[in-house]
Amino acid sequence: QVQLVESGGGLVQAGGSLRLSCAASGRTFSTFAMGWFRQAPGKEREFVAGLNWRSGGTFSPDSVKGRFTISRDNAKNTVYLQMNGLKPEDTAVYYCAAAIGSFRLERPEGYDYWGQGTQVTVSS
């Protein structure tokens, strides 16, 4: 199994920046991709950014492209989500996830392991 622990969430003003971290442990060698998702109250879990662990390639939806950047530190088995230009609508619980397979990587169903989530609140 893979254990994921997020950190770095908090309260930030609109326009501010925040960097989330996700430390992975366990059977990380089986991971094909890492992803970040977010879920606001009453909404479905939403894909934020993904990273192909083997190649380092990244992908993200238009809603955050240009503001959010996913990156990795191979030596530390850690992925990051750098969030700039935060907006109130970015307020959500942010989760990191690990995928064993290579399909549906922009949907929660494509991921096998999840962190506990970290709250990000953006004030106006």
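Note that this is a predicted model, so its numbers are computed, not measured.

How each quantity is defined
Per chain, the residues get numbers from 1 upward, laid out in the order the sequence is written. Local features are withheld for residues below a pLDDT of 70 in this predicted model, meaning they are given only at 70 or higher, and side-chain atom pairs are given and counted only at 80 or more; totals for whole chains, interfaces and linings count all residues. Side-chain metrics in this entry use all non-hydrogen atoms of the structure; hydrogen atoms and water are not considered. Here, the term nonpolar core denotes a set of buried Ala, Val, Leu, Ile, Met, Phe, Trp, Tyr and Cys residues that are joined through side-chain atoms within 4.5 Å. The buried label applies to any residue whose accessible area, calculated with a 1.4 Å probe on protein chains only, is under 20% of its type's maximum; exposed applies above 50%, and partly exposed to all values in between. Going along the chain from the N terminus, every DSSP run of H or I of four or more residues is numbered as a helix, and every run of E of two or more is numbered as a strand. Every residue pair with non-hydrogen atoms within 4.5 Å of one another is taken to be in contact. The rule for a salt bridge is simple: a side-chain nitrogen of Lys or Arg has to be within 4 Å of a carboxyl oxygen of Asp or Glu.

Novice: Explain the nonpolar core to me, please; I cannot follow it from the model alone.
Specialist: Among soluble globular proteins, nonpolar side chains are generally buried collectively. In this structure, Trp-36, Leu-81, Met-83 and Tyr-94 are the most contacted members of the largest nonpolar core, which totals 27 residues. Listing elements by their share of this core, those giving two or more residues are strand E1 (2-7), strand E3 (18-26), strand E4 (33-39), strand E5 (46-52), strand E7 (68-73), strand E8 (78-83), strand E9 (92-99) and strand E11 (118-123). Once you skip the residues sitting within four places of it in the chain, Met-83 turns out to touch Gly-16, Ser-17, Leu-18, Leu-20, Arg-67, Phe-68, Tyr-94 and Val-120. Within the second largest apolar cluster, 8 residues are counted, among which are Phe-32, Phe-37, Phe-47 and Tyr-111.

Novice: Can you walk me through the environment of Gln-1 in this structure?
Specialist: The topology assignment puts Gln-1 in the segment before E1. A relative accessible area of 52% places Gln-1 in the exposed class. Sequence-wise, Gln-1 and Tyr-113 are 112 residues apart; in three dimensions their C-alpha atoms are separated by 7.8 Å. Those residues in contact with Gln-1, other than ones at most four positions away along the chain, are Ser-25, Gly-26, Arg-27 and Tyr-113.

Novice: Just checking my understanding: could you explain the pattern of salt bridges for this structure?
Specialist: Between side chains of opposite charge, a pair can form as their charged atoms come close. Per the stated rule, a full pass over the model turns up 4 salt bridges. Residue Arg-38 is joined to Asp-90 by a salt bridge in which the shortest nitrogen-to-oxygen separation is 2.8 Å. Here Asp-90 lies in the loop between E8 and E9 and Arg-38 lies in strand E4, a separation of 52 residues in the sequence. Here Asp-62 ties to Lys-65 by a salt bridge, and the two come within 4.0 Å at their closest N and O atoms. The network of salt bridges with shared partners includes Arg-38, Glu-46, Arg-67 and Asp-90.

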